[in-house]
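Descriptive analysis of the structure
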Amino acid sequence: MSTVLWCRAQTNCRVFTDSCHIKACLLYNEANSFAQGSQKSQQYYDSAIRTCPDYAEAWRAISIPYLKRGDYYTWRKYLDKAVLLKPRLFLGIRGWCLFKFLRDYEGALHDLRSFDTLTAFHPSYSGDGNYHLYIVMAICHRELGNYQQAFHYFSLGIDSIVAQQGEKWVGLSDYLHRAVTKMRTKDYAGALLDLERQIKRYDNYAEIYYYQGLILQLMHRNKEALTTLQKARALAGTGHHLNDIYCEMPDEVFIDDIDMAIKAAQAPMRPKR
């Protein structure tokens with residue numbers, strides 16, 4: 001379900017009044033004529049920065065290919081400069097990237113809390129469009145073991161959204177992630193309820209039925225678990241699962257995971273002593 005990380009239109013250079021910014025803007029736009037990450041494109045961004053060192057957009061743009069290639073040190077060097085110059089524009093992007101690419105949950109939370117204070121999360125979604133940033137904060141807290149805070153942000157990113165804007169504005173995997181969090185805290189009934197909500201919202205992920213199957217196993221409902229896990233296996237086998245071209249997604253599962261769960265569900269239950 002991932003979208004392109006970033007795309008941009010030509011900047012209107014006439015909004016600037018000083019020659020430094022106008023020249024940098026023109027160079028920045030010219031970079032768009034070449035493939036992202038190509039030598040020519042990067043050279044134009046570099047020229048824009050040299051022409052006008054406080055042109056934050058060029059600092060951010062030159063950083064993107066390094067992020068995609070896994071050179072996080074260089075990416076961070078450039079993006080930090082963009083954040084310093086224009087935190088309202090780029091602090092949320094850095095926080096999301098720390099979460100998605102580096103699994104730096106503490107760093108992501110620091111940036112996203114600051115971004116929320118500055119902007120009240122406007123814009124409010126991750127750079128790939130997959131998540132409201134409150135959901136990102138919820139998953140960060142979950143992975144740090146802060147379940148109470150995780151549920152607080154899940155509520156802001158799901159329940160508040162439903163109340164204010166309607167169910168269609170909930171993310172396509174938000175209920176799934178909250179269900180997994182409830183499963184981890186042994187709220188199996190609550191987790192199953194969220195998975196039912198997920199099915200109504202969007203049902204074409206193998207992960208939905210995988211986690212449903214795991215929960216049913218934990219509740220000693222192995223026959224139901226096996227049926228559900230087999231559905232997960234069929235979906236995964238046809239490519240219907242969480243995926244991203246750059247990195248593993250939160251709560252993503254693989255065919256081997258499902259096969260192991262099916263094997264466990266098929267095993268005869270040991271009699272209670």
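Residues numbered from 1 in each chain as written. Predicted model: local features only at pLDDT ≥ 70, side-chain atom pairs only at ≥ 80, totals over all residues. Heavy atoms only, no water.

1. As for the overall build of the chain
- Scanning the chain from terminus to terminus reveals 13 helices and 0 strands.
- Start at the N end of the chain and walk to the C end: the helices and strands fall as α-α-α-α-α-α-α-α-α-α-α-α-α.
- Taken across its 273 residues, the chain has 47% of its residues classed as buried.
- Considering only intrachain contacts with a sequence separation of at least 6, the fraction spanning at least 24 residues in the chain is 54%.
- Counting every atom, the chain has about 14,100 Å² of accessible surface; 53% of that belongs to carbon and sulfur. (Helix = DSSP H or I, 4+ residues; strand = E, 2+ residues; numbered from the N terminus. Buried < 20%, exposed > 50% of the residue type's maximum accessible area, 1.4 Å probe, protein only. Contact = heavy atoms within 4.5 Å. Areas by Shrake-Rupley, 256 points an atom, 1.4 Å probe, with all protein chains shown as cover.)

2. Quick word on the confidence of the model for the chain
- The pLDDT averaged across the chain works out to 93; a share of 95% of its residues lies at or above 70.
- In this model residues 1–7 is a low-confidence stretch, pLDDT under 50, and it forms 22 contacts with partners more than four residues away in sequence or in other chains. (pLDDT = per-residue confidence, 0-100.)

3. As for the packing of helix H7 (residues 133–143) against helix H8 (residues 147–165)
- Viewed as axis vectors pointing N to C, H7 and H8 meet at an angle of 165 degrees, and their least axial separation amounts to 8 Å. Considering the angle they form, H7 stands roughly antiparallel to H8. The interaxial crossing formed by H7 with H8 has left-handed handedness. Packed against H7, whose contacting residues are Tyr134, Ile135, Met137, Ala138, Ile139, His141 and Arg142, the element H8 presents Tyr147, Gln149, Ala150, Tyr153, Phe154, Leu156, Gly157 and Ile158 at the interface.
- Grouping the amino acids of the contact of H7 with H8 by side-chain chemistry returns 11 nonpolar, 3 polar and 1 charged. (Axes fitted to C-alpha atoms, helices over the stretch in contact; angles between N-to-C directions. Parallel < 35°, antiparallel > 145°, perpendicular 65-115°, else oblique. Left-handed = near helix turned anticlockwise from the far one by under 90°. Nonpolar A, V, L, I, M, F, W, Y, C, P; charged D, E, K, R; others polar.)

4. Re helix H5 (residues 87–100)
- With 14 residues, H5 ought to run about 20 Å at 1.5 Å a step, and its terminal C-alpha atoms sit 19 Å apart, in line with that.
- Most of H5 is tucked away: 11 of the 14 residues are buried.
- Every buried residue of H5 is listed here: Phe90, Leu91, Gly92, Ile93, Arg94, Gly95, Trp96, Cys97, Leu98, Phe99 and Lys100.
- On its buried side, H5 packs onto helix H3 (56–69), helix H4 (72–85), helix H6 (105–119) and H7. (Expected span 1.5 Å × (residues − 1).)

5. Some words on the packing of aromatic side chains
- Scanning the entire structure with this criterion turns up 16 aromatic pairs.
- Between phenylalanine 99 and tyrosine 105, the aromatic rings sit 6.4 Å apart at their centres with planes inclined by 55 degrees, giving tilted as the arrangement. Each member of the pair, phenylalanine 99 as well as tyrosine 105, carries the same accessibility label: buried.
- Of the aromatic side chains, those joined through ring pairs into one cluster are Phe16, Tyr28, Tyr45 and Tyr55. (Phe/Tyr/Trp six-rings, centres within 6.5 Å; stacked < 30°, edge-to-face > 60°.)

6. Observations concerning the environment of lysine 100
- The residue lysine 100 is located in helix H5 in this model.
- Taking relative accessible area as the criterion, lysine 100 reaches 7% and is therefore assigned buried.
- Taking the C-alpha atoms as reference points, lysine 100 and cysteine 247, 147 residues apart in sequence, are found 7.6 Å from one another.
- Polar side-chain contacts of lysine 100 include one of 2.7 Å to the side chain of aspartate 244. (Polar contact = N/O pair within 3.5 Å; in protein donor to acceptor, adjacent residues only side chain to side chain.)

7. Looking at empty space enclosed by the protein
- All chains considered together, the criterion is met by 1 cavity of 30 Å³ or more.
- Reported here for the largest cavity is a volume of approximately 80 Å³.
- Lining the largest cavity are Trp96, Phe99, Lys100, Arg103, Asp128, Asn130, Tyr131, Asp244, Cys247, Glu248, Met249 and Pro250.
- Looking at the lining of the largest cavity, its residues break down into 6 nonpolar, 1 polar and 5 charged. (1 Å grid on protein atoms, 1.4 Å probe; cavity = no way out; pocket = protein on both sides within 12 Å on 5 of 7 lines; lining within 4 Å. Points joined across faces, edges and corners; volume = space filled by probe spheres on them.)

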